[in-house]
Amino acid sequence: MVDKKVVRVVSCLLLTFFIIVLMDLQLRLRRRPPPPPHWSPASPLQLGDIFIAVKTTGKFHQTRLALLLDTWVSKTKEQTYIFTDMADEVLVSKGYNIIVTSCPPEHSHQALSCKMASEYDYFMASGKKWLCHVDDDNYLNPAALLSLLSKFPQDSDIYVGKPSLDRPMKAQELLEGNKTREVEFWFATGGAGFCLSRRLAEKMAPWASGPQFERVSASIRLPDDCTVGFIVERKLGVRMVHSPVFHSHLEDLLLLTHSAMLHQVTLSYGLFENKMNSIDIKGPFSKERDPSRFMTVHCLLYPLTSWCP
């Protein structure tokens, strides 16, 4: 009899303890604050989030630009916007995003800054997350670009590229009263390409929107890429992120190793110290057939391309 009473008491105590624990758990769940009303996990960056701007001129439509259209632009057609100074109905009829600016077809500071101003304004109107600028002698690797930009926190002030100098640029800024002052800043060379986050681009508006960009460029007497660096570093106090995966023809491209070549964001080609400067990579095309080596790189990245051997 005693054993049965003990069992009953123990059972009642366990049941009571279980009920208390259950009630405490329910109270804790009720007190937990609800998630923020607009909270949602950050979505991964996609190619559609990037506004890729290519700066060119009419005389290069059939040469430099045609090479880009046959290679990497074929993979980024919807995201790529071509800024030029000459209408081209053939390209428009093929569905390319052609922006015909009112800029002069020259390689002057004013002409270059005019096109960069147009790139900025079109990007701001696009609502996209990143502006990435390249020249018409750049090969852009979309996968490498996505990989690079995905490493940066969203909604941050980012200006990333590669300087062509081993020291900051020095310039004389023109002030009111015809006075000047020396300024110093880093800039990413446009010949290698660079990217700006939307948050930073929005802060640049007082010096970059509409006619302001060209005015600032004239005040420091420097071209478009220098002007971007001046606005970001001097006006906003944001430091440029130096990245080794952007490349221009102003560096010795033969130094790029074969193993690293396909992981670079941009490549280039052109004259350097009076010699043809391009990457040294083996592939299906000879240097005579493919002096830029862009076709060779493209076939290594996309071997199923119709014209690849």
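Within each chain, residue numbers correspond to sequence positions counted from 1 in written order. Per-residue local features of the predicted model are confined to residues with pLDDT of at least 70, and side-chain atom pairs are confined, for both listing and counting, to 80 or more; whole-chain, interface and lining totals are unaffected and use all residues. Each side-chain value is derived from all of the structure's non-hydrogen atoms; neither hydrogens nor water enter the calculation.

**Looking at the overall build of the protein**
Argument step 1. Helix and strand assignments come from DSSP, with helices taken as H or I runs of at least 4 residues and strands as E runs of at least 2, each series counted from the N terminus. Along the backbone of the protein there are ten helices and 13 strands.
Argument step 2. Throughout, a contact is declared for two residues whenever any of their heavy atoms are within 4.5 Å. In the protein, the proportion of contacts linking residues at least 24 apart, taken out of those at least 6 apart, comes to 65%.

**Considerations on helix H5 (residues 142–149)**
Argument step 1. For H5, the set of buried residues is Pro142, Ala144, Leu145, Leu148 and Leu149. The arc enclosing the buried residues of H5, seen along the axis, measures out at 160 degrees, which places them on a common side.
Argument step 2. Check the buried side of H5 and you find it contacts strand S1 (50–55), strand S4 (130–135), strand S5 (138–140), strand S6 (159–161) and strand S9 (194–197).
Argument step 3. Side-chain atoms alone can form a polar contact between residues adjacent in sequence; in general such a contact is a pair of N or O atoms within 3.5 Å, and within protein one must be able to donate a hydrogen while the other accepts it. For H5, the N-terminal cap is Asn141; the gap from its side-chain oxygen to the backbone nitrogen of Ala143 is 3.1 Å. Burial status follows relative accessibility: with a 1.4 Å probe on protein chains alone, a residue under 20% of its type maximum counts as buried, one over 50% as exposed, and anything between as partly exposed. In this context, the arc is that of the directions from the helix axis out to the C-beta atoms.

**Some words on the sheet that holds strand S2 (residues 80–84)**
Argument step 1. Pairing between two strands is assigned when DSSP locates at least 2 bridges connecting them. Ordered in space as S3-S2-S1-S4-S9-S6-S10, the seven strands form an open sheet in which the pairing is mixed. In this open sheet, the two edge strands, each paired with only one partner strand, are strand S3 (97–100) and strand S10 (241–242).

**A few points about the packing of helix H4 (residues 109–126) against helix H8 (residues 224–235)**
Argument step 1. H8 packs onto H4 with a crossing angle of 55 degrees between their chain directions and a minimal axis gap of 8 Å. Compared by their axis directions, H4 and H8 come out oblique. Judged by residue contacts, Leu112, Ser113 and Met116 of H4 engage Asp224, Thr227 and Val228 from H8.
Argument step 2. Taken together, the residues of the contact of H4 with H8 sort by class into three nonpolar, two polar and one charged. A fitted line through C-alpha atoms serves as each axis, taken over the contacting stretch for helices, and the angle formed by two N-to-C directions is quoted from 0 to 180°. An angle below 35 degrees is treated as roughly parallel, one above 145 as roughly antiparallel, one from 65 to 115 as roughly perpendicular, and anything else as oblique. Under the scheme applied here, ten amino acids are nonpolar (Ala, Val, Leu, Ile, Met, Phe, Trp, Tyr, Cys and Pro), four are charged (Asp, Glu, Lys and Arg), and all others, including Gly, are polar.

**Considering unusual backbone geometry**
Argument step 1. Backbone geometry at Asp155 places phi at a positive 60 degrees, although glycine is not the residue there.
Argument step 2. Within the element layout of this structure, Asp155 appears in the loop between H5 and S6.
Argument step 3. Note on Asp155: relative accessible area 65%, which makes it exposed.
Argument step 4. Phi angles above zero are rare outside glycine, and Asn178 is one such case at about 60 degrees.

**Comments concerning the pairing of strand S8 (residues 180–185)**
Argument step 1. Pairing analysis gives six bridges linking strand S7 (residues 169–174) to S8, with the strands arranged antiparallel. Counterpart to Glu173 in the pairing with S8 is Arg181.
Argument step 2. If you look at the hairpin formed by S7 and S8, you'll find five residues sitting between the two strands, and Gly177 has a positive phi there, around 75 degrees.

**Some details on the state of the cysteines**
Argument step 1. Two cysteine sulfurs form a disulfide in these notes if their separation is within 2.5 Å. For the structure on display, the rule yields three disulfides.
Argument step 2. One disulfide bridge connects Cys132 with Cys195, the sulfur atoms lying 2.1 Å from each other. One quick way to see it: the torsion about the S-S bond of Cys132 and Cys195 is about 110 degrees, and its sign makes the bridge right-handed. Taken together, the residues Cys132 in strand S4 and Cys195 in strand S9 connect sequence positions 63 residues apart. Note on accessibility: Cys132 and Cys195 belong to one class, buried.

**Some points on the packing of aromatic side chains**
Argument step 1. Think of it this way: a Phe, Tyr or Trp ring, Trp meaning its six-membered ring, pairs with another when their centres are within 6.5 Å, and the plane angle makes it stacked under 30 degrees, edge-to-face over 60, tilted otherwise. Evaluated as defined, the whole model comprises ten aromatic pairs.
Argument step 2. Ring centres of Phe185 and Phe230 lie 5.6 Å apart, and the angle between their planes is 65 degrees; on these two criteria the pair is classed as edge-to-face. Of this pair, Phe185 sits in strand S8 while Phe230 sits in helix H8; the two residues are 45 residues apart in sequence, bridging distant segments of the chain. This pair shows no difference in class: Phe185 is buried, exactly as Phe230 is.
Argument step 3. Centroid distance Tyr269 to Phe294: 5.1 Å. Interplanar angle 90 degrees. Geometry classified as edge-to-face. Placement of the pair is Tyr269 in the loop between strand S11 (266–268) and strand S12 (270–272) and Phe294 in helix H10 (residues 294–301), with a sequence separation of 25 residues. In this pair, the class of Tyr269 matches that of Phe294, namely buried.
Argument step 4. In this structure an aromatic cluster arises from ring pairing among Phe51, Tyr81, Phe83, Tyr122 and Phe123.

**What about H8?**
Argument step 1. For H8, with twelve residues, the first-to-last C-alpha span of 15 Å sits near the 16 Å given by 1.5 Å per residue.
Argument step 2. Most of H8 is tucked away, with ten of its twelve residues classed as buried.
Argument step 3. Along H8, the residues classified as buried are Asp224, Asp225, Cys226, Thr227, Val228, Gly229, Phe230, Ile231, Val232 and Glu233.
Argument step 4. The positive-phi residue at the C-terminal boundary of H8 is Gly237, with phi of around 70 degrees. Helix span, expected: 1.5 Å multiplied by one less than the number of residues in the helix.

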